[in-house]
Structures are given as C-alpha cells and as structure tokens.
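# Remarks on the overall topology
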Amino acid sequence: MHFRLRSLLSPTLLALVAATIALPQPPLPVEATSTIDADTEETLPAESGIPERKVAFDLYPPEPPDGIIGIQAATDWPTWYPTSTSPVTLPCIGDGKNGARVQFWYAYVAGKTNRIAEARPWLTDQIERANGMTVASAAKTNGFRALRVVTDANCRPSISAVQLPSSALPTLDATVSAMKAAGIKDSKDRVHVVLMDANGFTDGACGRGAMFLDENPDPTKNLHNLNGSWARIDLACWYAGGILHEIFHTFGAVQLGAPNADNMHCKDEGDLLCYGANTRMVCTGAVAEERLDCNNDDYFHTNPPAGSYLRNHWNTADSKYLSSDTAPRLAGADRYATAAAVSRKFAPGVATAYVATGASYADALSGAALAGRTGGPVLLTQATYIPTAVKTELTRLKPKKIVVLGGTSSVSNAVLNELRTYATANTSDEVTRLAGTDRYGTSAAVAASYPAGVRVAYVAYGGDFPDALAGAAVAGRDDAPVLLTRHDGLPAPVRQQLQRLRPQQIVLLGGTQAVSEAVEAELRTLATGTGADRVKRIAGKDRYAVAAALAATYPAGSPTAYVASGATFPDALAGAALAGAEGAPVLLTQPRSVPAATSEALARLHPGAVTVLGGKNTVTDAVAGHVRLIVQ
Ligand SMILES: [Zn+2]
C-alpha cells in the first residue's frame, strides 16, 4: 500500500504531502513505520497448544480529502474512500459455516449504539470488493482464489453484532480476550475479523492482524493452516483494501524471510501488503495498490515456478481459508483432444459424426450448426492424418455415418478413407464429404442438408470467426443453417441456397464493418417473412457482446451454459455442436478475464451449471473460477 511515514517526514514535507493528497488522487492510507521493536511489538501469546502469533504493527487511517476534513466525524466509516476493484460474489460452500472460514463480526462498545443495520450494506460491499481483489490478484498468475467466508443463505457475508467492553479497545490482544469472554472462541477453522465500530487502538492504528512466523511450504503442516487467527479493523479503515490487508496478515503475509520482506510487510510497491521506510515503486498502474504481491514473489502466487522462494516457503495462495474451486472443463491437451472430450458427452451409436479441419474455422462453423441439429459431435482432424485422441474417440463413439466437412485441401482423401474404418453403417455412403469450391461454397453445401422452408437461417461474415462463433450453437438449437458471406456481396452458391431454403427470417451476425448494408439489403429480398424483422442484424461492440446478445435469446434458468475462448475458434466450434444439441448457450471469454458483457449475460441466464470448453492454455483457471462464482 502506498503509505507515508509520519515519523520520517518533516513538517514541510508533511504539508507538501497533505497538499498533494488533497488533489484529485485518491486519499492515501497512512501506516506507522514498519520497524518492529520490543516496545511496540504486540503478540497474541501462546495458549492451549497454539504457538505465539505476531501482530502486524499496522495501518493508520486514510486521510480524508479536503472538504471532508471537519465534516468526516470520528463516528463515520470512510464512504469517501475509493475502491476501483468491483465486488465479486463470495463462494457458496456447503451450509455457509463448515470448514475453514473467515468470519466477520461487527463489534460495538458497551454504552454506544449498535449500528449493525446501518453498517451492514457498506461492510458487505467492502467485503465483496476485498473478494474481488483476491480473485483479480490470483488472475495475475492465471489462477483462481476466492475468500472462504461464513455466509448467510444468500451467500452474502454473515456479520453478527457483538457488544464488547471498552477494555477491548487498546490492543488486539485485549480485543481477543473480550471476544473470548463474549463466547467467541479461538477455533482451528476460523479467522475472526472484528470490525470495530470505534477508533480505539491506543497508538492510533486502525487495523491489526495476527500471524505466525512460519515459512514451512507444506500446506498440511504450516501453522496458518493448522490454526485460526484474529484481526481487527477499526472504523476509519473500513474499506476493502484495509480489510483484505489484515486478512492476508492472518493468512501469513509477509514472512520475514521473503525476498522483499520488511518486517511482516514488503518493499515492492504498489502492493496491498507493502509499506515502510524502505519501499520502492516496482508495480505501477492504478490498480496495483489493490492487488496482492507485486511480482508474485513474496507471499502470493497461484503456481510458483520451480526454484522460486514461494515454491520452497510459505505461500498464502495455499491458505485453507481460500477456495480454488473452478467450473468443470471439457478439455484435452490440444484442440483435437478438446473436441474429442466434448464428443464424449454423446452416447455411442450416434447417427452422424462430423469431421472438419482443426486448422481453420470456416468449415466447422457451418458444420457445427448441422451437427447440433442432428445430435452429433464435430471432431477436428489434421489434413493428412487423424490425431490419436480423435481415433480413440471415434472407436468409442461408433457413429453410424461420418460426414467430412470441407475440400481435400482441408481434409485429405486419405483421411476420408481411413474414417471408413470407424463408421458402422456399412453402406456405400457411410462416409461422405460436404464441400464447395471455397468456404462459401462449403457453407452452401452444408445448408443443402436442410429442408426448404426453414423458419430461420443465420448468415455470418466468412472472413473472420468471432461473430459467428456463438451463432453456430444458436443455429443448432433452432435447426437453422449457418451460411457465410463476403463483406460486400453475397457469394453465388450462398444466394442460391437461400433462394431454395426460403427462410422466413434471416439473422445476420456482426456489425456493418463485417457485413455491409448492401448484403443486408440483398438478404431482405431473400427472407420470405413479412415483418420488419425478417432480416435481423445482431451486433455488438466486440465478439463478446455479440455472443451475449445471442445468449439473450435463451430463457433464464437453463440447465447449463458453456464458456469458450473468443480469442481462438476450435473449442467454441466443437462445443457449439454439443450446446446446439442441448439447447444451451455458448458465451465467449478472454483467456485471462471475464468480459463484462459475458459476466452480465451469465448472471441473467443463471444456468444450473457452467462448463468451460478448452484447457488452461485457452481459458485460464482465473476465468473458470470466476464464471463459477457468477452462476452459483
Ligand atoms: Zn499490515
């Protein structure tokens, strides 16, 4: 955290700093010097088998900006203090109480007013923002972590009120004693966080967290995972960063031996746990102050590299008070194996399996819609040989027929002939090819499999894949073909197919930069419906928004939804056949973070479950964990 040091600053400098922080920048919290000495160090003494815990000498209140000074009463929490990280729902785990949890308590002093009802909305939001910071911090190393918290029936943090005597105020040790007297016990599965409705530490600090000095890397042996702990955050520090700072102290950050440690804090700013006389700016950017472990080398890394300090010492990412549960995946080692994994959701003996090149998207795009209609998978192949994972899957699947999508340059005749050994119909047409002279012709050849008079046909730009990716699943659901077009003109074979199909409605996927208004006008002459929406264009500011717009055509509460990378095409296309067959939506994501459009669409759909298509190389655990929280 970006703190200034009272003791080291001259009055002139203090005035300068005060002037600086009064300007538009967020006001900065102030911490004490980080030197732990015998006079100021606090401990929670050893007791009943629990070793001594050190208490971080800690946070001073953030300074209010000009205009707030004098208005901000000592009895108010810092509603003016900015947090840029969005709240993220806490994980719903079991009954909300079992196992290792962080438990929040609202404490007020005897003789004062119990303001729990007034404080709860603010504290709930700050705790969920602290969880957002945890999720975003894990995403820095492509992993997922969320706070395990004692929650209510709606998975919001449970915050119970407790009245404490004024003797609880001066130190954390005094607070813990008072909490125990009130019946709240030390537990091996609880980090108790006391949100004190007062500013009571005698040294003026506004947060304290207790941790062990234990660098043992073994999560089953480290004292932080064998015990609970205590933290207290006073009124003036009731903001997300202050709350998470103390929580991570209780998880064991920062150990004294960490490379950039500075007495239970760290030196590499910006960082939620760094401050002191020896800091240096290493991680810049507006959100760095709201993230754990700048460079992930001192106390938090979801997958520390071999030989690194965190691989061989205590890593708070291994805290049992964090959840790493992600959404399930359908995935293999590469695109071919992932398509095979998706195919395994189909029972053996399907009528038709489709096989397309894994090297480009065009053939599979139209084929995925047809596969979704006929209830079969799309498998991907190399042009000149069938990958082993695909052979294994075809052996299991025993399709009656196999349809190859695309020309011989995409899937060679040698591959087509080898596929005959996997088709079980034993007819002359057990393996056939659907192809045209180019991608447009192939999409027309696939569309020729549909009967005339379809209710709807989808038309997508053939020059790139993003807009059409999610369209294949929708088309599969609607028993509708997907045809490809050029930007400024409808290719002849596609026009001919649309004339034959006589769709009542044509849905155009993508904006005018992808498919021109001229093409839209031509489609208007080919749709047979009479309404103004006989040609409907679905567009968005990017591929994620287009997929979200398509997902809006699905009712809320479907059994499942799929999430695939929007940065590449193979996983989404293989998944589209399954999603189309199940009537489930496919949403797209960036590999390392969930786009807002996708997050909002998932929240609205509220499916019973979400499945990620593809391995960690295409969709990181950061995303697989986050989407799980969105739909839980
Ligand atoms: Zn601290």
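Note that the coordinates shown come from a computational prediction; the quantities given were computed from them, not determined experimentally.

With omega at 0°, the peptide bond leading from A253 into V254 counts as cis. With respect to the secondary-structure elements, V254 resides in the loop between α5 (240–251) and β11 (268–269). Here E269 and G270 are connected by a cis peptide whose omega angle stands at -10°. Counting through the fold element by element, G270 comes out in the loop between β11 and β12 (280–281). The phi dihedral of K398 is positive, around 45°, even though this residue is not glycine. Secondary-structure assignment places K398 in the loop between α9 (388–397) and β17 (401–405). You can call K398 partly exposed: it has 14 C-beta atoms within 10 Å. Positive phi, normally seen in glycine, also occurs at N426, with a value near 55°.

Looking now at the sheet that holds strand β20 (residues 482–485). One open sheet accounts for four strands, arranged β20-β19-β21-β22; its pairing is parallel. Each edge of the sheet is formed by a strand with only one pairing partner; in this case those strands are β20 and β22 (535–538). Taking each pair of neighbouring strands and ignoring which way they run, the sheet shows an average axis angle of 25°. Sheet topology note: the strand β19 (residues 456–461)/β20 ladder contains four bridges and is parallel. Bridge pairing in β20 places A460 opposite L484.

Confidence in the prediction of the protein chain, expressed as mean pLDDT, is 90, and 91% of residues score 70 or more. Taken together, the stretch residues 2–27 has pLDDT below 50 and engages in 31 contacts with residues farther than four places along the chain or on a different chain. Scored below 50 in pLDDT, residues 30–40 shows 31 contacts in the model against residues more than four places distant or in partner chains.

Rules behind the numbers
- All residue numbers refer to positions counted from 1 along the written sequence of the respective chain.
- This being a predicted model, a pLDDT of at least 70 is required before a residue's local features are given, and a value of 80 or more before pairs of side-chain atoms are given or counted; all residues contribute to the totals for chains, interfaces and linings.
- A run of DSSP states H or I qualifies as a helix once it reaches four residues; a run of E qualifies as a strand once it reaches two. Both are numbered from the N-terminal end.
- In this scheme the burial state of a residue depends on its C-beta neighbours within 10 Å: 20 or more other such atoms mean buried, 12 or fewer mean exposed, and anything in between means partly exposed; the C-beta positions come from the backbone.
- Two strands qualify as a pair provided DSSP detects at least 2 bridges between them.
- Only the contacting stretch of a helix is used when fitting its axis, a line to C-alpha atoms as for every element, and angles between N-to-C directions run 0 to 180 degrees.
- pLDDT measures the predictor's confidence residue by residue and takes values from 0 up to 100.
- Remark: residues whose backbone-derived C-beta atoms lie within 7 Å of one another are considered to be in contact.

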